[in-house]
Every structure is written in structure tokens, then in C-alpha cells.
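One letter stands for each residue in the lines below.
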Protein chains: 2
Amino acid sequence: MSSFAFTVTHRDDGVNARRGVIRTRAGAIQTPVFMPVGTQATVKTLHPDEVEATGAQVILCNTYHLMLRPGEEVLMDAGGLHRFMGWHGPILTDSGGFQIFSLAQQAKVREEGVTFRSHIDGSAHTLTPESAVDLQARFGSEIMMPLDHLVGLPASKRTIEDATERTTRWLERSIVAHRDSDILTKGVLFGIAQGGMDRELRRRQSQFLAQCDVAGSAIGGLSVGEPKEVMASMLEEICPLLPADRPRYLMGVGSPEDLWDGVALGVDMFDCVLPTRLARTGSLFTLDGRVDILKARYRDVHEAVDADCDCATCARFTAAYLHHLFRSREVLGLRLATVHNLRFLARQMEFMRTSIEERSFEAAHRSFDERYRPVVRASSDPLPVA
Amino acid sequence: MSSFAFTVTHRDDGVNARRGVIRTRAGAIQTPVFMPVGTQATVKTLHPDEVEATGAQVILCNTYHLMLRPGEEVLMDAGGLHRFMGWHGPILTDSGGFQIFSLAQQAKVREEGVTFRSHIDGSAHTLTPESAVDLQARFGSEIMMPLDHLVGLPASKRTIEDATERTTRWLERSIVAHRDSDILTKGVLFGIAQGGMDRELRRRQSQFLAQCDVAGSAIGGLSVGEPKEVMASMLEEICPLLPADRPRYLMGVGSPEDLWDGVALGVDMFDCVLPTRLARTGSLFTLDGRVDILKARYRDVHEAVDADCDCATCARFTAAYLHHLFRSREVLGLRLATVHNLRFLARQMEFMRTSIEERSFEAAHRSFDERYRPVVRASSDPLPVA
């Protein structure tokens, strides 16, 4: 793990927010950080240079998608995922588990691993904790995630406990597989603590994870439709149990208000498809909340969507032009909105980092919350999947 | 017309190919030139900076599309088409005629003009020679086209002659409207000579156009499915009749072999949706002919699609990555292919310009033809419309 190091550089009194740096062989990551998602070896609609220009420091790619298409062999022949997709910064790969349980067909869990059929062509595949580590090591990602067993909610306590315990055993196997792997260029392995909304289970899982020999601690299974207060109270419970000298990564969280709340409670890393997916529907972040660029009121707004924004879109194009592009279903609209939303989140993270350095995080957080009107998520909203 | 000038700077002995410069208030255009099409105020999938980086010097926008959406008022409030879409180079606008006759509903021609219904929302509109000039002047394009009456082929000689004569009368009205327009920033007006495949009609139309007070001569109604030899023989007939001191513009032509043939016969300007539309189907130009990037053989080709190409796509990404993006239906694939095809055509034009300067056009043309395997167009192929 010599090519990976996490250092906390600043703390702010009275809050758990912290400012740090993760060093990887593909470059440094200033934390707290939001990671855009590049599911199929591309952050949807964007060129890697545009992703970088938004201030993105690290992206997430999906092992499930990549193992099916283009497949391990093509990625190996290409010289790894970075060269294949032209992104030379750090990459975090997930284990494939989330998509197997949400997107693949006929997912079947055995102790050995999980079998499933591709959503693309129905072909049969198997992923084990060992093969998930091996695949990610071959892809060449800097940060790898262990395979975990997810269950759809609601589920019985027994089902949840069974999956949780299997995830624990799989994590132990992942750590061994990672340690014993002879791929010299392998990245580091994080661990994941699940536990649904069961406070006691969450505690146990987090305490277990804290003992494991992994480079970072991921928190899974939150922001899946529960009220924001529930997520906050879970994080309050979990974060102190996770080692302070490892980055804490809250998986699948990406709304601006959740990023602020997560950082306040001690989270260092986030990823989510939300900013890119919302962008493609014409929903753009501003400091006042989301705006829907398709609304007729933007037809004649000949100024930037967000006067406070320094992104390449707002610097050059008007709300009226974006409105026109979305109404006309032009691809450039998807691109410009994606650039804006990614820059918005990257900039929020910059504000957070600066305010932690200046010990003014709490005031900055309050000031964000006072202005930003979040979209209230109904618990029946579909689960955002990558 | 002080903001527009055309100068022929080089001729090559023995061929009609010529090298020149069109000066407009939005910049100079080195000729011969290919103009990418930006139908709805965007060259599909690309940012204006990317269009420029392909070597594009001037783009074409469609009056029909723009008058319906975003509409004249929005474009006026935006400060004109250039500012609206962020393209600061020269723009040529068509008159709207072609789309009215190919895309709109219930097009009805009267001597006054043409009435039609929008293909978007069925709303009723009228375009006259005068209003077409006025609209384009308000959009702020550098080069405007007069409304013409097009008829679907096959058609009776009577129908064709009737439409041709109306086009002549409409051109005269367009010239008056342009001369009398009080829009100080108006661009120049070109004339269009139609005439189908009727050699005698083509001659008459071209001779008439030569007498008109317009800044350039457009040739319409070719490359609509006729064999390439027929188009060549028409151009051989027409070009010498069109004034040598005005640019000759062959409308709707954009296959690499047609560009070489057109320039050889004295054409200075071309436009077509072909390179951008083909790109979005995964069809990419190379010096050997088009390739279909979706073919399985590109799955493992870890080098540029076209080793001879200097475009931003070939410099950075492999055929295998493009193949993956197209198979995965990722937007970035459309973009990268579009950049490649536009750069390919821009570079062919550069080769033509250099070879004319060096008086080696004929040899360069032969060398292109010997290598390039064109796609033979069946006469039943659908008409490419913008």
C-alpha cells in the first residue's frame, strides 16, 4: 500500500468535518471530495478533459458494466482502464455487487460468490470476492471495493443479518485475495460497512470494519430513500467508530445538501450518478436549489443559468440557449448541463475544504442551508442506481 | 456589400480548381471550403470550440428550424444567432425553402410565398422571398440565401419549369428586398441556380444568375441521387457560366470524393449533413473509405481509427474505445466520431488548397481517387436532408 496515503491536514473545532489529502500513484485527491461516476468507462456525455476541468479529482467506474463490456481482455490489451478511456487521474472501481443486485438478471448468492446473467445479452457470469478483487486489480484502479451481499428493502431481520454476515466473511476473503494478489500494480482495497437502518447492526459492522486491514472505510446502504434525519443519525453513530486515519467514503450520495451534511459528520469521499443524471433531464443545481431548464420561463433568459457559477457552461452560454438545446433535444444541451452540475458539486467541495481550513465550516454550512431549497425526496422515489 | 469580398488567389493550370479567400465581417474563409451544418443553432453533438478546432471556418444554419425554434424574437433578444450559439465565425443561413418542402407539413406555394405548418407543433407559418431575407438579416448571418421553389422528383417538365420560373421571380424580389432592407448589419445575398437534370434549363438558370446583383452563385438540386457522372457533367456545364469573380457554392454536397470532383470543376464552397450524420451512425471517413466502427473487428484495435488523421479524436482515443462507446450507446462516441469526420473533410479541403497553390491539384486528386473507395449510392437512397 505504499502508493496510497491519507493525511488529515485540518480539523475544524466543534464539528467533525476534516480536510485531508489522499495520495495515489495517479495523483493526489484533496478531501472532502465528490467523485463523478463514469459507469461504462465514460462520465456520460463528457470528454475526460471536460471532467477534469470541472475540478473532478477522481472518478468512479463500475466493475459490473466493464466486465461485461468491453470485458477484461479488451481492457488488458488496452493497457488498463485509464489508457482505454483517456482519464489519467485516480479511479475508484466498485465491486460490481450493487449492479448485480439491481441490474443483472437471476442474481443468485452462494457462499462462494454470486452468479448472474448479463442485462445486455443474458450471458452467465460469476463473481466471487476473489475474482472481484482480481478484476479491479487488472483494470488498474487506484481504489478497489470488496464484493458485498446486498438485499432489497424491506427485508426480514434474518435476511438482513444473513447478508450482513456473508458480507463480513466476503470482506475477509477480499482482504486475503488482495494481500496475496501477485498483480504488482494493484490499487488499495477499502472495506464496506452495511447494516441498513439497524443502529446496532451498523455499530457492529463499523467496529468490525475498523479492525480490518483496509485502506479506507466505505458506508453503504444509506441515502436509499430514508428521511435525511435518519441518514444523519446513522452517520453520527457510525463515523466515530471508523478509524480517523482512514478516509471515510459515503457511497451513492450526491445531493448538495447531503454532501454538506456528510462532511459535517466526518465523511471524506462521496460518489453518485445524481449530478450527471439530473443534468441529462435538464435539472441544474444552483445555490438556491435545482432549476428545470425546460421550463418556459427560461426561453428568454439571456444570462447564465447560475450567476454565481464559474463553470465552462455558465461562462459561455445563456439559460435561453440551454433551454433551446433541451427543447430541441440536442446533445450539446446534455453536455453543457453535465459540466455545470459537476462543477457545482466540485465547487461546493472546494468551499467546504476552504472553510475547514479557515475553521468556518459551521457558518458556511449554515449559510448554504439557509439559501438552498432541497428537493424533498419521497420515500417511494426510485433508488438511484449507477 | 463592403463587408464581403471574394478574391481568387491561385489557379492551377489545366484544371478549373481555384484557391481564394472570402472576407466577411466575422472573419476570412479560405476557399475551397466545406461548411459543417448547425441545423438548430448547434453543430450536432459539438461545442463551438470543437467545431473550430476541426478547422471549420464557416457553418451553415437552417432558417426553417430557427424561425420555429427558438424563433426570431429569442434570437433578437439574444443579440443574434452568433451570440446565442457561441459561434463567432461566419455563418451562412439557408432560406428555409429546402426544409419547408422536405420537412414541414402542408407546404402550399402561391406567387406571394409559401405557407406551411411546423413539423414541431403544427403551427401555421408563411415565408416569402422578402421575409426570408428579413429573417436571415435579423439572425445576423454573413451569407444569406434566397427562397426558392423546390419540387420533388420525378416531376413533369411543366412542373419543373413552373417552379424554376417562380424561383427566378422570387430571386429578383429577394435582391430588391435585400437592397432595400434597412438592417444595417445585414449580410450578403447569394443567388441559387436550380434546374434539375435538364441541361438546357441549367444553362438558362446559370446565365440568368450570372446577371443578377448577388455576392455568390449557389448550385442547388444536385447530389440528390443521380449518378456521379451526371453531377459532374452538370457542373462542367454550369461552372463556366457562373461569374469567376464570385464564389460558387454547391449545396448539399459533402462526400469526400464529391468535394474533390466539385473543386476540380471550379466549386469554392460546399455544405452537407453527411459527415456529422454518418458520424452519429458510427461511420467514419478514412483515406481508404468509410469504416463502420460498430463492426466486431474494431473491438480489439488499440490504435487510432485512422493512422493518417490529426484530429483530436485520433490523437487521444483508440478504435477499440470508440467501438465500446458506440456499442454502449454513449454520447461521447457520437462526439468523437463527429470531430473525426469534420476534421477529415476540413483536412481534405486543406490538401486541395495547398495542391492548388502548388499547382499539383490534378495529381493530388488522382492520388485521392486511387486510394479512396467511395460508397456507391443507389439512386433509391433517401435524400439527405438537413
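Nothing here was measured: the structure is a model prediction, and the numbers come from that model.

### Points about the overall build of chain A
Part 1: Along its length, chain A carries 15 helices and 16 strands.
Part 2: Taking 2.2 N^0.38 as the reference for a compact globule, 386 residues should give roughly 21 Å; the C-alpha atoms of chain A span a radius of gyration of 20 Å, in line with that estimate.
Part 3: Residues classed as buried in chain A amount to 53% of the 386 residues present.
Part 4: Within chain A, residue pairs in contact and separated by at least 24 positions form 67% of the contacts whose partners lie at least 6 positions apart.

### A few points about the sheet that holds strand 14 (residues 269-271) of chain B
All names here are of chain B.
Part 1: On the basis of which strands lie adjacent, the open sheet formed by eight strands has the order 4-14-13-12-11-10-6-5 and parallel pairing. A single partner strand is all that each edge strand has here, and the edge strands are strand 4 (33-35) and strand 5 (59-61).
Part 2: Alignment of strand 5 against strand 6 (residues 91-93), held across three bridges, turns out to be parallel. Bridge pairing in strand 6 links I59 to I91.

### Side note on the confidence of the model for chain A
All names here are of chain A.
Part 1: Across chain A, the average pLDDT comes to 94, with 97% of residues at 70 or higher.
Part 2: pLDDT under 50 marks residues 379-386. Its contacts with residues more than four places away, or in other chains, come to 17 contacts.
Part 3: Here the predicted complex carries an ipTM of 0.95, next to a pTM of 0.96.

### Here we look at the pairing of strand 2 (residues 18-24) of chain A
All names here are of chain A.
Part 1: Where burial is concerned, most of strand 2 is hidden: five out of the seven residues are buried.
Part 2: In the sheet, strand 1 (residues 5-11) pairs with strand 2 via six bridges, with the strands oriented antiparallel. Of the residues in strand 2, the one forming a bridge with R11 is R18.
Part 3: Linking strand 1 back to strand 2 in an antiparallel pair, the connection comprises six residues, with G14 at a positive phi of about 85°.
Part 4: When strand 2 meets strand 3 (residues 27-31), the two strands line up antiparallel, connected through five bridges. Within strand 3, the residue paired with I22 across the bridge is I29.
Part 5: In textbook terms, the turn of a hairpin is the stretch between consecutive antiparallel strands, and for strand 2 and strand 3 this stretch comprises two residues.

### A word on the domain arrangement of chain A
Residues and elements named next belong to chain A.
Part 1: Under the domain assignment, chain A is made up of domain 1 (5-274) and domain 2 (280-371).
Part 2: The centre of domain 1, based on its C-alpha atoms, is set 27 Å off from the matching centre of domain 2.
Part 3: On the domain 2 side, the residues contacting the 29 residues of domain 1 number 26 residues.
Part 4: Those elements that provide at least two residues to the side of domain 1 that touches domain 2 are strand 2, strand 4 (33-35), helix 1 (48-53) and helix 10 (256-264).
Part 5: A per-element tally of the side of domain 1 that touches domain 2 places helix 10 first, with six residues.

### Things to note about the interface of chain A and chain B
Accessible area lost when the parts come together is the quantity often used to give the size of an interface.
Part 1: On the chain B side, the residues contacting the 31 residues of chain A number 31 residues.
Part 2: Ranked by the residues each element gives to the side of chain A that touches chain B, the list is headed by helix 13 (residues 319-327) of chain A, at five residues.
Part 3: Along the lines of polarity and charge, the residues of the side of chain A that touches chain B split into 14 nonpolar, nine polar and eight charged.

### Structural notes on unusual backbone geometry
Glycine aside, residues mostly have negative phi, and peptide bonds are mostly found in the trans state.
Residue and element names in this part refer to chain A.
Part 1: Put simply, R69 and P70 share a cis peptide bond, and its omega is 10°.
Part 2: Within the element layout of this structure, P70 appears in the loop between helix 2 (63-68) and helix 3 (72-77).
Part 3: In this model, Q106 sits at a positive phi of 55°, which is unusual for a non-glycine residue.
Part 4: Within the secondary structure, Q106 is located in strand 7 (residues 105-109).

### A short note on the sheet that holds strand 8 (residues 114-117) of chain B
Residue and element names in this part refer to chain B.
Part 1: Reading across from one edge, 7-8-9 is the order of the three strands in this open sheet, with antiparallel pairing throughout. This sheet does not close on itself; its edge strands, each paired only once, are strand 7 (105-109) and strand 9 (124-127). Averaged over neighbouring strand pairs, the angle between their axes works out to 15° when direction is ignored.

### Description of the packing of helix 10 (residues 256-264) of chain B against helix 14 (residues 331-357) of chain B
Residue and element names in this part refer to chain B.
Part 1: With their axes 10 Å apart at the nearest point, helix 10 and helix 14 run at an angle of 25° to one another. One way to sum up the angle between helix 10 and helix 14 is to call them roughly parallel. Considering how the two elements wind past one another, helix 10 and helix 14 form a crossing that is right-handed. Across the interface between the two elements, P256, L259, W260 and V263 from helix 10 touch L345, Q348, M349 and M352 from helix 14.
Part 2: Of the residues assigned to the contact of helix 10 with helix 14, the class counts are seven nonpolar, one polar and no charged.

### Re the relation of the copies chain A and chain B
Put simply, the two copies of the chain differ by a rotation about an axis and a shift along that axis.
Part 1: Rotating chain A by 180° and translating it 0.0 Å along the rotation axis places it on chain B, where the RMSD comes to 0.0 Å. Expressed as a symmetry operation, the mapping of one chain copy onto the other fits a two-fold axis. Residue V331(A) of chain A places its C-alpha closer to the rotation axis than any other residue of that unit, at 3.8 Å.
Part 2: When the interface residues of chain A are mapped onto chain B, 100% of them again fall at the interface, so both copies present the same face.

### A look at the pairing of strand 8 (residues 114-117) of chain A
Residues and elements named next belong to chain A.
Part 1: Of the two faces of strand 8, the one holding V114 and F116 is buried and the one holding T115 and R117 is not buried anywhere.
Part 2: Pairing of strand 7 with strand 8 involves three bridges; the strand directions are antiparallel. If you follow V109 over to strand 8, its bridge partner there is V114.
Part 3: A loop of four residues connects strand 7 with strand 8, the two strands running antiparallel in sequence.
Part 4: The turn joining strand 8 and strand 9 (residues 124-127), which pair antiparallel and follow one another in sequence, is formed by six residues; a positive phi near 75° is taken by G122.

### Some thoughts on helix 13 of chain A
Part 1: The element helix 13 of chain A is extensively covered by neighbouring structure, given that eight of its nine residues are classed as buried.
Part 2: In the core, the buried residues of helix 13 of chain A are packed alongside helix 14 (331-357) of chain A together with helix 3 (72-77) and helix 4 (81-85) of chain B.
Part 3: Of the residues flanking the end of helix 13 of chain A, it is R329(A), one or two places downstream, whose phi is positive at about 55°.

### Observations concerning the nonpolar core
Inside soluble globular proteins, nonpolar side chains tend to come together where they are buried.
Part 1: Grouped together as the largest cluster of nonpolar side chains are 222 residues, with contacts concentrated most on I59(A), L322(A), I59(B) and L322(B).
Part 2: Apart from the residues within four sequence positions on either side, L322(A) is in contact with I293(A), V305(A), F317(A), G333(A), L336(A) and A337(A).

### With respect to helix 13 (residues 319-327) of chain B
Part 1: Turning to helix 13 of chain B, its buried residues are A319(B), A320(B), Y321(B), L322(B), H323(B), H324(B), L325(B) and F326(B).
Part 2: Structurally, helix 13 of chain B contributes buried residues whose contacts are with helix 3 and helix 4 (81-85) of chain A together with helix 14 of chain B.

### Quick notes on the environment of H365(A)
All names here are of chain A.
Part 1: With respect to the helices, strands and loops of the structure, H365 is situated in helix 15 (residues 361-371).
Part 2: Once the C-alpha coordinates of H365 and A264 are considered, the two residues, 101 residues apart in sequence, prove to be 8.1 Å apart.
Part 3: Beyond its immediate sequence surroundings of up to four residues, H365 is in contact with W260 and A264.

### Some words on the environment of R290(A)
Residue and element names in this part refer to chain A.
Part 1: Mapped onto the fold, R290 is located in strand 16 (residues 289-292).
Part 2: According to the C-beta neighbour criterion, R290 is partly exposed, with 18 such atoms within 10 Å.
Part 3: On a C-alpha basis, the gap between R290 and Y372 in space is 8.7 Å, while along the polypeptide they are 82 residues apart.
Part 4: Contact partners of R290, with chain neighbours within four places excluded, come to L278, S283, L284, F285 and V375.

So, how was this worked out
Residues numbered from 1 in each chain as written. Chains lettered and ligands numbered in written order. Predicted model: local features only at pLDDT ≥ 70, side-chain atom pairs only at ≥ 80, totals over all residues. Helix = DSSP H or I, 4+ residues; strand = E, 2+ residues; numbered from the N terminus. Rg over C-alpha atoms; globule rule 2.2 N^0.38 Å. Buried ≥ 20, exposed ≤ 12 C-beta atoms within 10 Å, placed from the backbone. Contact = placed C-beta atoms within 7 Å. Pairing = 2+ DSSP bridges. pLDDT = per-residue confidence, 0-100. Domains from an automatic or database assignment. Nonpolar A, V, L, I, M, F, W, Y, C, P; charged D, E, K, R; others polar. Axes fitted to C-alpha atoms, helices over the stretch in contact; angles between N-to-C directions. Parallel < 35°, antiparallel > 145°, perpendicular 65-115°, else oblique. Left-handed = near helix turned anticlockwise from the far one by under 90°. Least-squares fit on C-alpha atoms with pLDDT ≥ 70 in both. Core = buried A, V, L, I, M, F, W, Y, C linked by C-beta atoms within 7 Å.

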